[in-house]
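Structure at a glance
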Amino acid sequence: MNAKELLSLYAADQQVQSWLTSLRDTPSGSALGLDGVPGSLISTLAAVSYESNERPLLLVMTDKEEAAYVLNDLEKLLKDRDVLFYPGSYRRPYEVDGTNNANVLLRAEVLNRISNRRKAPVMVSYAEALFEQVITKKELRANTLQVKVGEKLGIDFLNETLFTYHFERVDFVTDPGQFSVRGGIVDVFSFAHDYPVRIEFFGD
């Protein structure tokens, strides 16, 4: 039995149908509780709910480990869908300087998907990650440097701007938040993309 057939069986169940009806009829901003849901049944009901409603779905778990289990289940059940993980930025609690740039990139990707609203997403997170403050769109625009082909831009200015944005200068970029300068070639791994970007300068 594949995942699609499994979800179809659950969707046809009378109790699940009752749950889906309650979910659809619950006004926006109101809470709807569900008790006695063990193990992977949480993920299964979430997947059935998403498939039935096509509305954004956010699952908030107790901690990162529980969120990882639910994420794994949902990725298997909703193979053709985007299942997003919204982690915390920090490697260790209470150490503000110990940020994990890979997690910062994941957070930025999720926020970008939500703001663009191209498709109703399925998101999994946990309380600690949601407690972190998020930059406003206005502040993000003010702290974003856009580079276009043919635009006049000096390497020194770019170098200074990246330091201002707390990017780390390295020999070769491997992680988000790093950049390198070799002659007229600048490699930048921003938090907005999955891969580094290369900028080639001929003069300015």
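Now for a look at the structure at hand. Everything numeric in this text was worked out from a predicted model, so none of it was measured.

Time to look at the overall build of the protein. Across its full length, the protein holds eight helices and seven strands. In the protein, which comprises 204 residues, the proportion classed as buried is 32%. For the protein, restricting intrachain contacts to residue pairs at least 6 apart in sequence, the fraction spanning at least 24 positions comes to 53%. Of the roughly 13,900 Å² of accessible surface on the protein, a fraction of 52% belongs to carbon and sulfur atoms. In the protein, 22 side chains carry a positive charge and 29 a negative one; their mean positions are 6 Å apart.

Two descriptors summarise a pair of aromatic rings, namely the distance from one centre to the other and the angle between the planes of the rings. Taken as a whole and assessed by the stated rule, the structure comprises two aromatic pairs. Ring centres of Phe163 and Phe179 lie 5.4 Å apart, and the angle between their planes is 80°; on these two criteria the pair is classed as edge-to-face. Here Phe163, found in helix α8 (residues 155–164), pairs with Phe179, found in strand β5 (residues 178–182); they are 16 residues apart in sequence, far enough to count as distant. The exposure class assigned to Phe163 is partly exposed, which follows from its relative accessible area of 43%.

Counting 29 residues, the largest nonpolar core has Leu74, Leu78, Val122 and Val124 as the members making the most contacts within it. Going through the elements one at a time, α1 (3–12), α2 (14–25), α3 (41–53), β1 (57–61), α4 (64–77), β2 (83–86) and β3 (122–126) are the ones with two or more residues in this core. Ignoring sequence-local partners within four residues, the contact set of Val122 consists of Tyr50, Leu57, Leu74, Leu78, Asp82, Val83 and Leu84. Of all hydrophobic cores here, the second largest spans 10 residues; its members include Leu153, Phe167, Val181 and Val186.

Further remarks concern the pattern of salt bridges. One pass over the full model with this rule turns up three salt bridges. For Arg182, the salt bridge goes to Asp187, with nearest N and O atoms at 3.2 Å. What makes Asp187 buried here is its relative accessible area of 8%. With a shortest N-O distance of 2.7 Å, Arg198 and Asp187 are connected by a salt bridge. Note that Arg198 is positioned in strand β7 (residues 197–200) and Asp187 in strand β6 (residues 185–189), a separation of 11 residues in sequence. Residues joined by salt bridges that share partners form a network here, namely Arg182, Asp187 and Arg198.

The space that makes up the second largest pocket amounts to roughly 610 Å³. Going through the elements one at a time, α2, α3 and β1 are the ones with two or more residues in the lining of the second largest pocket. Grouping the amino acids of the lining of the second largest pocket by side-chain chemistry returns 15 nonpolar, six polar and one charged.

In this section: the environment of Asp35. Along the chain, Asp35 turns up in the loop between α2 and α3. When its relative accessible area of 75% is taken as the criterion, Asp35 is described as exposed.

Across the sheet, three strands lie side by side as β1-β3-β2; this open sheet has parallel pairing. Of all strands in the sheet, those bounded by a partner on one side alone are β1 and β2. Across the sheet, the mean angle from the axis of one strand to that of its neighbour is 20°, orientation sign disregarded. With five bridges connecting them, β1 and β3 associate as parallel partners.

Criteria and cut-off values
- For every chain, the first residue of the written sequence is number 1, and numbering continues from 1 along that sequence.
- Local features in this predicted model are restricted to residues whose pLDDT is 70 or higher, and side-chain atom pairs enter the listing and the counts only when it is 80 or higher, whereas totals over whole chains, interfaces and linings include all residues.
- Each side-chain value is derived from all of the structure's non-hydrogen atoms; neither hydrogens nor water enter the calculation.
- For helices the rule is a DSSP run of H or I covering at least 4 residues; for strands it is a run of E covering at least 2, with both sets numbered from the N terminus onward.
- The cut-offs for exposure are 20% and 50% of the maximum accessible area for each residue type, with area from a 1.4 Å probe on protein chains only; residues under the lower value are buried, those over the upper are exposed, and the others partly exposed.
- The contact criterion used is simple: two residues touch if any of their non-hydrogen atoms lie within 4.5 Å.
- Values of accessible area rely on a 1.4 Å probe in the Shrake-Rupley scheme; residue burial ignores everything except the protein chains shown.
- Note that His is not counted, nor are the chain ends; the positive residues are Lys and Arg, and the negative ones are Asp and Glu.
- For charged residues, the charge sits on one atom: NZ in Lys, CZ in Arg, CG in Asp, CD in Glu.
- Ring geometry is summarised as follows: Phe, Tyr and Trp rings, the Trp one being its six-membered ring, pair when their centres sit within 6.5 Å, and such pairs are stacked at plane angles under 30 degrees, edge-to-face over 60 and tilted between the two.
- Only buried residues count toward a nonpolar core. Its members are Ala, Val, Leu, Ile, Met, Phe, Trp, Tyr and Cys residues joined through side-chain atoms within 4.5 Å.
- What makes a salt bridge here is a side-chain nitrogen of Lys or Arg within 4 Å of a carboxyl oxygen of Asp or Glu, nothing more.
- Using a grid of 1 Å spacing that covers the protein atoms alone, one calls a set of points a cavity when a 1.4 Å probe fits there but cannot get out, and a pocket when the set is open and has protein on both sides within 12 Å along at least five of seven lines; lining residues are those with an atom within 4 Å of a point.
- Grid points are joined across faces, edges and corners, and a volume is the space filled by probe spheres set on the points.
- Following the grouping adopted for this structure description, the nonpolar residues are Ala, Val, Leu, Ile, Met, Phe, Trp, Tyr, Cys and Pro, the charged ones are Asp, Glu, Lys and Arg, and the polar ones are all others, Gly among them.
- Strands are treated as partners if at least two bridges between them are detected by DSSP.
- Helix axes are fitted to C-alpha atoms over the stretch in contact, other axes to C-alpha atoms as well, and angles between N-to-C directions run from 0 to 180 degrees.

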